[in-house]
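A structural walkthrough
Chain by chain, the residues:
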Amino acid sequence: MPVTETSSTQTPTPWAAGAAYIDGRFMPIAEAAIPITDWGYRRSDVTYDVVGVRDGAFFRLDDHVRRFRASMETFRLKPPEDDAAIKRVLHRCVALAGLRDAYVAMDCLRGRPPAGQPYHPAFARNYLAAFALPWISLVRPDVMERGAHLVVAETLRIPTRSVDPRAKNFHWADLTRGQFEARDRGADFCVLLDEDGHVTEGPGFNLFVVAEGRLATPDAGVLEGLTRQSVIELADELGMPVAVRKVGVAELRDADEILLVTTAGGIMPASRIDGRIMGNDRPGPVFRRLHDAFWGKRAGGWHATPVDYAAGE
Ligand code: PLP
């Protein structure tokens with residue numbers, strides 16, 4: 001696949017804010033744009049994934065690209081790049097931006113059917129977009145310190161038979177509406193239930209509830225998050241009982257601790273749910289143990305793939 005670069009490579013400054021790749025071309029993030037008529041934008045007809053880079057290494061890169069491919073298959077999207085090419089693009093975005101800690105996104109957009117073709121998604125030419133930005137965390141440092149305040153939203157998660165949450169998608173209207181509910185009620189984040197009253201997930205994170213030292217995370221109606229997977233692996237290693245099963249809303253409301261987990265932030269604590277204070281209104285002991293183990297193991301190279309910085313030359 002031919003790759004070209006814009007001439008602005010002479011000045012390092014525009015790259016420092018981030019680097020992007022769209023359909024065969026690399027560019028500084030400020031120059032990255034998609035056509036306004038693209039169905040990726042007009043219809044949210046796009047899938048994506050996000051992988052983190054810390055201390056110059058991707059975390060679970062192969063798992064993220066594997067999940068991205070599975071999401072693309074679910075939505076019947078197929079860009080020209082194979083998985084190896086996608087990984088090269090991601091390495092190059094990070095290298096061009098010169099980032100040691102980065103938020104790295106990969107998107108596959110539907111595109112649009114060319115003129116003369118039927119107005120049907122099957123005829124669109126799909127393409128890959130990717131970018132690397134300086135590291136982003138979902139939770140501000142002060143919220144990390146005190147623990148997030150959560151509310152159970154009135155808004156329900158979109159049914160899985162309409163949009164499969166295991167395929168990462170931009171059908172965020174439910175999560176966004178829930179975030180306004182949270183804000184109206186003075187909380188940081190919402191948690192959405194399914195139609196049967198089971199806990200699903202929040203805007204950009206999976207959840208664990210902790211009761212009497214036992215962890216549980218919803219088995220369905222959620223993205224099978226890779227941070228969630230990492231917490232399951234860690235809990236096993238630390239001898240903490242962990243179950244992947246249905247979690248009722250009462251369990252959430254009565255939990256000793258609730259953990260929010262995502263690529264953009266790792267493991268994050270909660271201290272209130274629907275106004276009820278958990279523990280001493282501060283991050284709890286299970287959070288601390290898992291959080292320290294997570295970052296300790298990551299510093300030791302756990303699931304790490306070093307960024308190929310030569311790819312930016
Ligand atoms: N659930 C949703 C809806 C998400 O958007 C995300 C991440 O962006 C997650 C869960 C967490 O997944 P991961 O740990 O793989 O980042």
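The coordinates are above.
Residues numbered from 1 in each chain as written. Predicted model: local features only at pLDDT ≥ 70, side-chain atom pairs only at ≥ 80, totals over all residues. Heavy atoms only, no water.

1. Let's talk about the site of the ligand
Taken together, the neighbourhood of the ligand is formed by 16 residues, with Lys168, Glu201, Leu226, Thr227 and Thr263 sitting nearest. Between the ligand and glutamate 201 there is a distance of 2.7 Å, counted from a nitrogen atom to a side-chain nitrogen or oxygen. Within the backbone of leucine 226, a nitrogen or oxygen atom sits 2.8 Å from an oxygen atom of the ligand. Expressed as a share of its isolated accessible area of 390 Å², the protein-covered part of the ligand is 93%. Looking at the shell around the ligand, the elements with two or more residues in it are helix H7 (226–237) and strand E13 (257–262). (Near = heavy atom within 4 Å. Polar contact = N/O pair within 3.5 Å; in protein donor to acceptor, adjacent residues only side chain to side chain. Areas by Shrake-Rupley, 256 points an atom, 1.4 Å probe, with all protein chains shown as cover. Helix = DSSP H or I, 4+ residues; strand = E, 2+ residues; numbered from the N terminus.)

2. Re the pattern of salt bridges
Pairing between side chains becomes possible if they bear opposite charge and their charged atoms approach one another. Enumeration over the complete set of coordinates arrives at 20 salt bridges. The partner of aspartate 45 in a salt bridge is arginine 110, and the shortest N-O contact between them spans 2.7 Å. Residue aspartate 45 is located in the loop between helix H2 (39–42) and strand E4 (46–54), and its partner arginine 110 is located in the loop between strand E6 (102–109) and strand E7 (127–134); the two are separated by 65 residues in the primary sequence. The pair aspartate 45 / arginine 110 is uniform in exposure class, with both members buried. We note a salt bridge from arginine 60 to aspartate 63, for which the minimum N-O separation is 2.8 Å. The exposure class of arginine 60 is buried, given its relative accessible area of 7%. A relative accessible area of 19% means that aspartate 63 is categorised as buried. It is possible to trace a salt-bridge network through shared partners that takes in Arg60, Asp63, Arg66 and Glu233. (Salt bridge = Lys/Arg side-chain N within 4 Å of Asp/Glu carboxyl O. Buried < 20%, exposed > 50% of the residue type's maximum accessible area, 1.4 Å probe, protein only.)

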